[in-house]
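# Examination of the molecular architecture
The primary structure of each chain is shown beneath.
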Amino acid sequence: MTEQKYGDVSVALNEFVAQVEIHRPPHNFFDVALIRNLADAFNALDADPACRAIVLSAEGKSFCAGANFAQRSFGSTAGSDSPASGNPLYSEGVRLFACKKPVVAAIQGAAIGGGLGLALVADFRVASPEARFAANFVKIGIHPGFGLTHTLPRLIGQQRANLMFYTGRRITGEEALAWGLADILVEPARLREAATGLAKEIAENAPLAVLSTRATMRRGLAEAVKAQTDLEFVEQNWLSKTEDHREGVKAVAERRPGQFAGK
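Residues numbered from 1 in each chain as written. Predicted model: local features only at pLDDT ≥ 70, side-chain atom pairs only at ≥ 80, totals over all residues. Heavy atoms only, no water.

## What to know about the packing of helix H2 (residues 88-97) against helix H9 (residues 221-239)
At a minimum axis separation of 9 Å, H2 and H9 run at an interaxial angle of 160°. Put simply, H2 runs roughly antiparallel to H9. In this structure, H2 meets H9 at a crossing whose hand is right-handed. Residues Tyr-90, Val-94 and Phe-97 of H2 form the contact with H9, whose participating residues are Leu-221, Ala-222, Val-225, Lys-226, Thr-229, Phe-233 and Gln-236. Split into classes, the residues belonging to the contact of H2 with H9 amount to seven nonpolar, two polar and one charged. (Axes fitted to C-alpha atoms, helices over the stretch in contact; angles between N-to-C directions. Helix = DSSP H or I, 4+ residues; strand = E, 2+ residues; numbered from the N terminus. Parallel < 35°, antiparallel > 145°, perpendicular 65-115°, else oblique. Left-handed = near helix turned anticlockwise from the far one by under 90°. Contact = heavy atoms within 4.5 Å. Nonpolar A, V, L, I, M, F, W, Y, C, P; charged D, E, K, R; others polar.)

Structure, rendered in structure tokens:
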């Protein structure tokens with residue numbers, strides 16, 4: 001087994017399957033550094049013929065609870081009217097979608113906001129029943145991001161994506177399985193085992209054929225995410241300056257519903 005560290009991301013490669021794990025417990029909030037570290041790890045695995053499939057997991061009670069809005073406003077990550085090509089967070093995120101190797105995500109607890117966007121980088125999601133999926137951007141007065149306005153309807157359909165976007169509601173593991181947002185549902189104790197089992201099943205096949213098929217099935221995905229994050233970032237930028245966004249961030253920090261004025 002070979003092991004490597006990329007900041008808060010660890011990589012362990014064994015029998016053609018790489019275990020890529022995020023280490024920011026308990027909620028694994030993301031920032032530019034974390035997404036860059038993940039992209040660097042994925043790029044290295046793309047270049048390693050000993051890797052045929054990747055399991056993406058996280059230490060702690062949540063897979064990724066998004067950005068930590070209790071500490072800072074989204075506006076601090078925007079700050080200009082330029083497209084996402086000038087936003088390092090989304091530039092690094094697009095690198096993840098350009099990964100060549102199949103990815104299986106193990107989802108426990110929260111996959112919320114940008115954390116949901118990160119889960120949708122993967123080809124497959126193995127979840128536990130208590131997993132919660134949410135595109136809760138409207139609850140903090142901001143536009144969806146991380147390419148979700150492309151990836152979520154691509155996966156579950158326009159109407160269900162709209163339902164998640166407009167309400168910000170949390171989807172349970174059982175609902176996620178029924179909607180196709182999750183592919184396998186297992187008890188928490190078996191989450192890593194089931195995700196690794198699926199990755200091994202993929203890795204047992206002819207690797208060039210798997211890569212070729214995956215490239216066809218995901219053709220244009222990274223480019224579409226890039227174009228969509230450009231649009232998302234423009235909308236997020238002006239919304240980050242509104243009173244509603246400031247109220248939403250404050251409400252999250254105070255663990256209460258937001259009181260929005262439409263300003």
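## Notes on the packing of aromatic side chains
For any two aromatic rings, the description comes down to two numbers: the centre-to-centre distance and the angle of the planes. A full pass over the atoms with the stated rule returns two aromatic pairs. When the ring of Phe-30 is compared with that of Phe-146, the centres are 6.0 Å apart and the planes differ by 70°; the resulting orientation is edge-to-face. One end of the pair, Phe-30, is in the loop between strand S3 (17-22) and helix H1 (32-46); the other, Phe-146, is in the loop between strand S8 (132-134) and helix H4 (148-156), with 116 residues separating them in the sequence. As far as burial versus exposure is concerned, Phe-30 and Phe-146 are alike and both buried. Ring centres 6.4 Å apart and planes at 85° place the aromatic pair Tyr-90 and Phe-233 in the edge-to-face group. (Phe/Tyr/Trp six-rings, centres within 6.5 Å; stacked < 30°, edge-to-face > 60°. Buried < 20%, exposed > 50% of the residue type's maximum accessible area, 1.4 Å probe, protein only.)

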